[in-house]
Amino acid sequence: MTNRAISVASRQTGFAGETVRALASTLLLLGLIGDRRVR
């Protein structure tokens with residue numbers, strides 16, 4: 001029971017980390033595109 005809860009929690013945190021990383025990379029790409037458009 002405890003093992004299962006830990007695995008679920010780690011999976012959720014891992015998913016959140018991936019989501020944050022994807023959002024950060026998308027924001028970086030958008031920033032680069034906007035910077036190039038301004039120039």
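Up top you'll find the structure we're talking about.
Nothing here was measured: the structure is a model prediction, and the numbers come from that model.

Q: How should the overall build of the protein be read in this particular structure?
A: Looking only at helices and strands, the protein has 1 helix and 0 strands in total. Counting only C-alpha atoms, the protein reaches 55 × 5 × 5 Å along its principal axes. A total of 39 residues make up the protein; the buried ones form 0% of that total.

Q: Sorry, what's going on with the environment of G31 here?
A: With respect to the helices and strands, G31 occurs in helix α1 (residues 2–38). Placed 16 residues apart in sequence, G31 and F15 show a C-alpha to C-alpha distance of 24 Å.

Q: Which parts of the structure should I look at to understand a nonpolar patch on the surface?
A: Taken together, the side chains of L27, L29, L30, L32 and I33 present a nonpolar region at the surface, about 520 Å² in accessible area. Residue placement: I33 occurs in helix α1.

Q: How should the pattern of salt bridges be read in this particular structure?
A: Working definition: two side chains of opposite charge can pair if their charged atoms are close together. Enumeration over the complete set of coordinates arrives at 1 salt bridge. The salt bridge partner of R21 is E18, with a shortest N-O separation of 3.2 Å. One end of the pair, R21, and the other, E18, are both in helix α1, 3 residues apart, so they sit about a helical turn from each other. Looking at E18, the relative accessible area reads 44%, which means it is partly exposed.

Q: So what exactly am I meant to see when it comes to the environment of S25 here?
A: Mapped onto the elements of the fold, S25 is located in helix α1. By relative accessible area, S25 is classed as partly exposed at 34%. S25 sits 10 residues away from D35 along the chain, and the two C-alpha atoms are 15 Å apart.

Basis of the calculations
- Residues numbered from 1 in each chain as written.
- Predicted model: local features only at pLDDT ≥ 70, side-chain atom pairs only at ≥ 80, totals over all residues.
- Heavy atoms only, no water.
- Helix = DSSP H or I, 4+ residues; strand = E, 2+ residues; numbered from the N terminus.
- Buried < 20%, exposed > 50% of the residue type's maximum accessible area, 1.4 Å probe, protein only.
- Patch = residues over 30% accessible without salt bridge, like charges linked within 9 Å, V, L, I, M, F, W, Y side chains within 5 Å.
- Areas by Shrake-Rupley, 256 points an atom, 1.4 Å probe, with all protein chains shown as cover.
- Salt bridge = Lys/Arg side-chain N within 4 Å of Asp/Glu carboxyl O.

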